[in-house]
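# Breakdown of the fold
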Amino acid sequence: MNRRTLFHGIFAGLAPAPLFADTKATLPLTEFEPKSMLHVQETQVERAKYPVIDFHTHISWGDNMAGKEAVRFPAPASELLAVMDRRNLRMLVDLTGGYGKGLEKTIATLQKPHPDRFIVFTEPWWSKAPEPGYPQFQADQIARAHQAGARGIKVLKTLGLYLRENVRSGKLIKIDDPRFDPMWEAAAAYKMPVAIHTSDPEAFFLPIDRFNERYEELNAHQDWSFHGKDFPSNRELQEARRRVMKRHARTQFVCLHVADSEDLAYTSELLDSLPNMSVEIGARIGELGRQPRTARKFFDKYQDRILFGTDAVPHGEEFPQQVFGDKLYQIYYRFLETEDEYFDYAPSRIPPQGRWRIYGLGLPDPILRKVYNANAARLLGLTLS
Ligand SMILES: [Zn+2]
């Protein structure tokens, strides 16, 4: 097919058929919505094959840099429970449970009334990090959070990419800064796993230009770019986290978003050298599902250290790959359970993280059970009835 016939084919029906290549129609990328012509298997997975623990959700939220304890709840528990019951979701882990009085409120709202359905994690008081007594204060707060009922600690990418010596100004504080050592040790003492999000997709560290595979996403959210300025590279951030995990060998770390989902060889090397590390898959099936053969081997090899998670946010419509709801879970189940080919990784008209589609892994039952619940249950010290 020559160029002229190709363009003629694409734009038939949209504009008068161009007779010559130099009068060809143009179509903005944002309006391009190609429908796949493949006739392939489409499996509807209504319920997960085994009860699911979603280890990565945000069903409460506060401002983690402002030093305010207030938390808000984007949806009432009843709304969440209805979806959970339909989709065989046994438990949601609410990572952003807050701290201090906010944490107490989150626990009282979610975990106390529904102890078999919601688990709440606490977060560090980032705003106090510049203060002299912070290391001990933060360790004490972990004890207080544990006492209040928190089951783990969430560390957002705030550490490494936002938190600075004067909170919002000055030099970036490093992930392996020793002031956090007492906090990592307290996590071990109270058997609270640390769910840690470090760095971001590699493309977020590159210029937002026509070579960037996440151009549309970055163009829509320009503040997500960590290109230039004083930001460390993805690898520097990853290596700082590796030093933390190595230094605190008694602490269990769950690296969110598959640690580095674009470089499974690197992630495998981390897992091989750090027995206290696990990974979680939230918001990264778009990466795993476009390298299905590598991903399948990864799930085989690390089947005891991979946790199900989605990064779901109720009513988070701005980020379709994370909107809590029936559709999101059905996509995850389809990805893990079936060998379906070339399907959308997010409930969205246009693939929101990049214009590609994914392939199912078709995991065998013993691995599914571990990923869906057994690995998380072990780390959280739960027995599922
Ligand atoms: Zn998250």
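Each chain carries its own residue numbering, running from 1 in the direction its sequence is written. Residue-level local features of this predicted model are given only where pLDDT is at least 70; pairs of side-chain atoms are given and counted only at 80 or more, and the full residue set underlies all totals for whole chains, interfaces and linings. Processing note: side-chain calculations cover all non-hydrogen atoms of the structure and skip hydrogens and water entirely.

By secondary structure assignment, the location of Gln-303 is in the loop between α11 (292-301) and β8 (306-307). Buried, partly exposed and exposed residues are distinguished by accessible area as a fraction of the type maximum, computed with a 1.4 Å probe on protein chains only: under 20%, between the cut-offs, and over 50%, respectively. Residue classification places Gln-303 among the buried positions, given a relative accessible area of 18%. Polar contacts, as used here, are pairs of N or O atoms within 3.5 Å; protein pairs need one atom able to donate a hydrogen and one able to accept it. Residues neighboring in sequence count only if both atoms are side-chain atoms. Among the polar contacts listed, one links the side chain of Gln-303 to the backbone oxygen of Asp-300, at a separation of 2.9 Å. There is a polar contact of 2.8 Å between the side chain of Gln-303 and the side chain of Lys-370. The contacts of Gln-303, once residues within four sequence positions are left out, are Ile-367, Lys-370 and Asn-375. Put simply, DSSP H or I for four residues or longer makes a helix, DSSP E for two residues or longer makes a strand, and each gets a number counted from the N terminus. By definition in these notes, contact holds between two residues if any of their heavy atoms fall within 4.5 Å.

Those protein atoms acting as donors to the zinc ion are His-56 (NE2), His-58 (NE2) and Asp-311 (OD), and they sit at 2.1 Å. Because water is not among the atoms used, a metal site may look incomplete, as its donors are only the N, O and S atoms within 2.8 Å, or 3.2 Å for Na, K and Ca. Sequence spacing of the donor residues for the zinc ion, all on one chain, is H-x1-H-x252-D. With His-56 in strand β1 (residues 52-57) and Asp-311 in the loop between β8 and α12 (326-337), this residue pair connects regions lying 255 residues apart in the sequence. Classification of His-56 as buried rests on a relative accessible area of 1%.

What follows deals with unusual backbone geometry. Residues apart from glycine generally show negative phi values, whereas peptide bonds are mostly found in trans. Residues other than glycine seldom take positive phi values, yet Asn-88 does so here, at roughly 60°. Examined against the element boundaries, Asn-88 turns out to sit in the loop between α2 (77-86) and β2 (89-94). Exposure remark for Asn-88: the relative accessible area of 17% places this residue in the buried category. Despite not being glycine, His-315 has its phi angle at roughly 60°, a positive value.

Here the aromatic set is Phe, Tyr and Trp, taking the six-membered ring for Trp, and pairing holds for ring centres within 6.5 Å; pairs whose planes are under 30 degrees apart are stacked, those over 60 apart are edge-to-face, and all others are tilted. In this structure the tally under the stated criterion is 22 aromatic pairs. Ring centres 6.4 Å apart and planes at 25° place the aromatic pair Phe-308 and Tyr-329 in the stacked group. One end of the pair, Phe-308, is in the loop between β8 and α12; the other, Tyr-329, is in helix α12, and 21 residues separate them in sequence. Pairing Tyr-333 with Tyr-372 gives two aromatic rings, centres 5.7 Å apart and planes at 85°, and the pair type is edge-to-face. One end of the pair, Tyr-333, is in helix α12; the other, Tyr-372, is in helix α13 (residues 365-380), and 39 residues separate them in sequence.

Taken in spatial order, the three strands line up as β1-β2-β3 in an open sheet, and their pairing is parallel. Of all strands in the sheet, those bounded by a partner on one side alone are β1 and β3 (118-120). Going from strand to strand, the sheet's axes swing by 20° on average, the running direction of each strand aside. Pairing between strands is defined by DSSP: at least two bridges between them are needed. Both β2 and β3 contribute to a ladder of three bridges, which runs parallel. Bridging from a neighbouring strand, Asp-94 pairs with Val-120 of β3. Convention adopted: a line fitted to C-alpha atoms gives each axis, helices being fitted over their contacting stretch, and angles between N-to-C directions are expressed from 0 to 180 degrees. Contacting β1, β2 and β3, α13 crosses the sheet at an angle of about 65° to β1.

Turning to the pattern of salt bridges, a few remarks are in order. Take a side-chain nitrogen of Lys or Arg and a carboxyl oxygen of Asp or Glu: if they are within 4 Å of each other, that pair is a salt bridge. Inspection of the entire model under this criterion finds 28 salt bridges. We note a salt bridge from Arg-117 to Asp-85, for which the minimum N-O separation is 2.9 Å. With a gap of 32 residues between them, Arg-117 in the loop between α3 (100-111) and β3 and Asp-85 in helix α2 connect regions that are remote in the sequence. What makes Arg-117 buried here is its relative accessible area of 15%. Take Asp-85: its relative accessible area is 43%, and that puts it in the partly exposed class.

Here we come to the layout of surface pockets. With a 1 Å grid laid over protein atoms only, a set of points is called a cavity when a 1.4 Å probe fits there but cannot get out and a pocket when it is open yet has protein on both sides within 12 Å along at least five of seven lines; lining residues have an atom within 4 Å of a point. Grid points are joined across faces, edges and corners, and a volume is the space filled by probe spheres set on the points. In this structure, the largest pocket spans a volume of roughly 1,000 Å³. Along the walls of the largest pocket sit 40 residues, with Trp-61, Leu-156, Lys-157, Trp-224 and Phe-319 positioned nearest its centre. Lining the second largest pocket are 29 residues, and of these Arg-334, Tyr-342, Phe-343, Asp-344 and Arg-357 sit closest to its centre. When residues are sorted by character, Ala, Val, Leu, Ile, Met, Phe, Trp, Tyr, Cys and Pro go into the nonpolar class, Asp, Glu, Lys and Arg into the charged class, and all the rest, Gly among them, into the polar class. A breakdown of the residues in the lining of the second largest pocket according to their chemical character gives 13 nonpolar, six polar and 10 charged.

Let's shift gears to the nonpolar core. Here, nonpolar core means buried Ala, Val, Leu, Ile, Met, Phe, Trp, Tyr and Cys residues that are tied together by side-chain atoms lying within 4.5 Å of each other. Within the largest apolar cluster, 93 residues are counted, with the highest numbers of intra-cluster contacts made by Trp-184, Ile-281, Phe-299 and Phe-308. A per-element tally of this core places α12 first, with seven residues. Beyond its immediate stretch of four places on either side in the chain, Trp-184 contacts Val-155, Leu-159, Ile-175, Val-194, Ile-196, Val-244, His-248, Thr-251 and Phe-253. Within the second largest apolar cluster, 16 residues are counted, among which are Leu-95, Phe-121, Leu-380 and Leu-382.

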